[in-house]
Amino acid sequence: MQSPSHYNGTQLLDALVAGEVGFCEGNICKYVYRWKNKDGLKDLYKARDYLDALIANAELNQLEDKQ
C-alpha cells in the first residue's frame, strides 16, 4: 500500500497490521506519527482522545476483573 505524503514514505500501516495492533492503539500511533506534517495539534488531540478511551476501557476491565 502506498503511504500518503504526511507519512514520509514509511509503511506505518504495514507495521501496524503485521504487529496486530488494535484499533485504538493504531490510531494513537498514526496521529502521533503524522502530527508535525499534517494537522498539528489537532492530530495530538485525536491521539489523546483515543488514549483516553483506551485507558477508560482498561480501567473498566480492571474493575470487572476484581468482582
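A short tour of the structure in this document, coming up. (Residues numbered from 1 in each chain as written. Predicted model: local features only at pLDDT ≥ 70, side-chain atom pairs only at ≥ 80, totals over all residues. Heavy atoms only, no water.)

## Some details on the environment of K30
For clarity, the threshold we go by: Each helix is a run of DSSP H or I of at least 4 residues and each strand a run of E of at least 2, with the numbering of both proceeding from the N terminus. Buried means the residue's accessible area, taken with a 1.4 Å probe over protein chains only, is under 20% of the maximum for its type, while exposed means over 50%, and partly exposed covers the values in between.
Topologically, K30 is positioned in helix α2 (residues 23–34). On the accessibility criterion, K30 (21% relative accessible area) is partly exposed. In this structure, the C-alpha to C-alpha distance between K30 and L44, residues 14 residues apart in sequence, is 9.9 Å.

## Digging into the pattern of salt bridges
The following threshold applies: The rule for a salt bridge is simple: a side-chain nitrogen of Lys or Arg has to be within 4 Å of a carboxyl oxygen of Asp or Glu.
Tallied over the entire structure, the rule returns two salt bridges. Among the ionic pairs, R34 bridges to D43, the shortest N-O distance being 2.9 Å. For the pair formed by R34 and D43, the shared burial category is buried.

## A few points about the packing of α2 against helix α3 (residues 41–66)
Convention followed: Fitted lines through C-alpha atoms serve as axes, helices being fitted only where they are in contact, and the angles separating the N-to-C directions of these axes extend from 0 to 180 degrees. Angles are sorted into four bins: roughly parallel if under 35 degrees, roughly antiparallel if over 145, roughly perpendicular if 65 to 115, and oblique for all others. The sense of a crossing depends on the near helix, which, turned anticlockwise from the far helix by less than a right angle, makes the crossing left-handed and, turned clockwise, makes it right-handed. Contacts: residue pairs with any heavy atoms within 4.5 Å of one another. Three categories are distinguished: nonpolar for Ala, Val, Leu, Ile, Met, Phe, Trp, Tyr, Cys and Pro, charged for Asp, Glu, Lys and Arg, and polar for the others, with Gly belonging to the last.
Where α2 meets α3, the closest approach of the two axes is 8 Å, and the angle between their N-to-C directions is 160 degrees. Taken together, α2 and α3 sit at an angle that is classed as roughly antiparallel. For α2 against α3, the interelement crossing comes out left-handed. Where α2 abuts α3, its residues F23, C24, E25, N27, I28, Y31, V32 and R34 lie against D43, K46, A47, Y50, L51 and L54. For the contact of α2 with α3, the class distribution of residues is nine nonpolar, one polar and four charged.

Keep in mind these numbers describe shape, not what the thing actually does.
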